[in-house]
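Working through the structure, step by step
Here are the chains, one letter per residue:
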Amino acid sequence: MILVTGGAGFIGSNFVLDWLAQGNEPVINLDALTYAGNRENLAAVDGDPRHIFVHGDIGDFELVSRLLAEHQPRAVINFAAESHVDRSIHGPEDFIQTNIVGTFRLLEAVRAWYGQLAPEAKNAFRLLHVSTDEVYGSLAKDDPAFNENNRYEPNSPYSASKAASDHLVRAYHHTYGLPVLTTNCSNNYGPYHFPEKLIPLVIHNALAGKPLPIYGDGQQIRDWLYVKDHCSAIRRVLEGGKLGEVYNVGGWNEKANLDVVHTLCAILDELSPRADGQSYRTQITFVTDRPGHDRRYAIDATKLERELGWKPAETFETGIRKTVQWYLDNQAWVNNVTSGAYRDWLGKQYGANA
Ligand code: NAD
Ligand code: TYD
């Protein structure tokens, strides 16, 4: 049994689906169902006895303590977070609450429960904290990619709150001996990505005939990894990672935002051409830049590759094509999450407690 937090979000739901597709070990999935959490992501495991969904907050010490005592998981994997940089600029409070206070309370509940385990269960237990490359700050054009020894220099309220959570996780290892692992991954893309982030937003807006907004000059660089490769990296670190260590996760796929959008337009032009025969590129619109916008992220994943033998299965070209196809095939999902009807769907499908 493992306990996953945030398993109704983008990466967490991909992780839960892959986990249950690849083995029979059950998952307790604790998720607060914020705007980013969506039970529909988990429709494929609805009714599956190996998946226990619990609607709740990682900051609820009593609830987490009860789940740990009841299910005795061999691992906790913490995906739960507020994750959108732009939202953190408009309102940092939720980021402080979930990413810092919530992680702290989760750590406290795990620490209290872990302290009472028998030695064998203690040896087997792991807490894996899922974090981001954004904690390292911004790179100049010719800087080497971030490795695990880079200084933390977070620039947005989001990355600062994730950095704080990483430090707490580290401290609980050094001070209390909690068996922790931390992963810092680059930008993910793939199925179930909430359409407020660049890639799903562009696909959605393109098909809806709306502008494709590019912040500033569009030359900011992100290092893109297909979400299922991030999930395989997490499984690998859980299995073989050294306690207390940090592993950077990335696929060596640095791309400027404008190039990503051009690629999306080209694939859409091929798979779902506009009725008027024009390219989706004509919808590109340059808009005011994000304040404090980090110029470049790039991950050096050598440690994970060398020590644990992990490699991504997708290149950017194969992964982005799969992603566009997934959005074309799952327009109902997109319509539900964007119309707010998915909340109605929750009530209909799961009743008042959903
Ligand atoms: P997401 O916003 O899609 O999902 C977050 C999930 O956490 C949602 O289901 C939400 O309901 C849940 N949640 C939020 N607050 C909660 C709380 N207090 N208690 C319980 N559940 C809560 O985010 P994501 O993109 O899937 O990211 C998952 C994790 O991976 C985050 O920790 C994020 O920092 C990290 N990460 C994301 C990326 C990326 O590109 N998306 C890259 C690297 C790391
Ligand atoms: P985003 O998906 O929000 O991820 P992050 O900020 O965590 O990297 O944005 C990815 C990049 O795309 C980032 O440089 C901001 C840029 N961007 C746009 O140019 N236009 C948009 O509408 C959005 C949402 C993002």
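Since the model is a prediction, treat every value here as computed from it, not as a measurement.

A count of helices and strands for the protein gives 13 helices and twelve strands. For a compact globule of 354 residues, the expected C-alpha radius of gyration is about 20 Å, and the protein comes in at 20 Å, within 12% of that figure. Taken over the C-alpha atoms alone, the protein extends approximately 65 × 50 × 35 Å along its principal axes. Put simply, 81% of the contacts in the protein that link residues at least 6 apart link residues at least 24 apart.

Taken together, 28 residues form the shell around ligand 1, and within it Ile11, Asp31, Ser83, Tyr158 and Lys162 come nearest. Separating an oxygen atom of ligand 1 from a backbone N or O atom of Gly9 is a distance of 2.9 Å. Asp57 is positioned such that a nitrogen or oxygen atom in its side chain is 2.9 Å from a nitrogen atom of ligand 1. Mapped by element, the contributors of at least two residues to the shell around ligand 1 are helix H1 (10-22), strand S5 (126-132), helix H6 (157-176) and strand S7 (187-189). With three residues, S5 is the largest single contributor of residues to the shell around ligand 1. Looking at the shell around ligand 1, its residues break down into 13 nonpolar, twelve polar and three charged.

This paragraph deals with the environment of Ala301. With respect to the helices, strands and loops of the structure, Ala301 is situated in the loop between strand S12 (284-287) and helix H10 (302-308). Take Ala301: its relative accessible area is 0%, and that puts it in the buried class. In this structure, the C-alpha to C-alpha distance between Ala301 and Asn41, residues 260 residues apart in sequence, is 29 Å. The residues touching Ala301, leaving out its near neighbours within four places in the chain, are Asn248, Gly250, Trp252 and Trp310.

Before going further, it helps to examine the pattern of salt bridges. All chains considered together, the criterion is met by 17 salt bridges. Arg274 is paired through a salt bridge with Asp276; the nearest N and O atoms lie 2.6 Å apart. The partner of Lys322 in a salt bridge is Glu314, and the shortest N-O contact between them spans 2.5 Å. A relative accessible area of 42% places Lys322 in the partly exposed class. Its relative accessible area of 15% is what places Glu314 among the buried residues.

Moving on, we come to the UniProt feature "domain: NAD(P)-binding" (unreviewed entry) in the protein. UniProt marks residues 3-323 with the feature "domain: NAD(P)-binding" (unreviewed entry), using the numbering shown here. Between the end C-alpha atoms of residues 3-323 there is a gap of 27 Å, over a span that is 41% helix and 17% strand.

Turning next to the site of ligand 2. Around ligand 2 sit 16 residues in total, of which Glu134, Pro213, Arg222, Arg290 and His293 are the nearest. At 2.6 Å, a side-chain N or O of Glu134 approaches an oxygen atom of ligand 2. Tyr215 places a polar main-chain atom, nitrogen or oxygen, 2.9 Å from an oxygen atom of ligand 2. For ligand 2, whose unbound accessible area comes to 510 Å², protein coverage reaches 96%.

Strand order across the open sheet formed by seven strands is S3-S2-S1-S4-S5-S6-S10, with parallel pairing between neighbours. The sheet is open, and its two borders are formed by strand S3 (51-55) and strand S10 (246-249), each paired with just one other strand. Strand-to-strand, the axes of this sheet are offset by a mean angle of 20 degrees, without reference to chain direction. The strands touched by H6 are S5 and strand S6 (180-185); relative to S5, the strand with the most contacts, the crossing angle is about 155 degrees. Lying on the sheet, helix H8 (residues 227-240) is in contact with strand S4 (75-78), S5, S6 and S10; it crosses S5 at an angle near 145 degrees.

In spatial order, the strands read S7-S9-S11; together these three strands make up an open sheet with mixed pairing. Of all strands in the sheet, those bounded by a partner on one side alone are S7 and strand S11 (254-256). Geometrically, the sheet is characterised by an average inter-axis angle of 50 degrees between neighbouring strands, direction not taken into account. Across three bridges, the pairing between strand S9 (residues 221-226) and S11 is antiparallel. Across the sheet, the residue bridging to Asp223 is Glu254, located in S11.

Scoring rules and cut-offs
Residues numbered from 1 in each chain as written. Chains lettered and ligands numbered in written order. Predicted model: local features only at pLDDT ≥ 70, side-chain atom pairs only at ≥ 80, totals over all residues. Heavy atoms only, no water. Helix = DSSP H or I, 4+ residues; strand = E, 2+ residues; numbered from the N terminus. Rg over C-alpha atoms; globule rule 2.2 N^0.38 Å. Contact = heavy atoms within 4.5 Å. Near = heavy atom within 4 Å. Polar contact = N/O pair within 3.5 Å; in protein donor to acceptor, adjacent residues only side chain to side chain. Nonpolar A, V, L, I, M, F, W, Y, C, P; charged D, E, K, R; others polar. Buried < 20%, exposed > 50% of the residue type's maximum accessible area, 1.4 Å probe, protein only. Salt bridge = Lys/Arg side-chain N within 4 Å of Asp/Glu carboxyl O. UniProt positions renumbered as here; feature names shortened; annotations may be inferred. Areas by Shrake-Rupley, 256 points an atom, 1.4 Å probe, with all protein chains shown as cover. Pairing = 2+ DSSP bridges. Axes fitted to C-alpha atoms, helices over the stretch in contact; angles between N-to-C directions.

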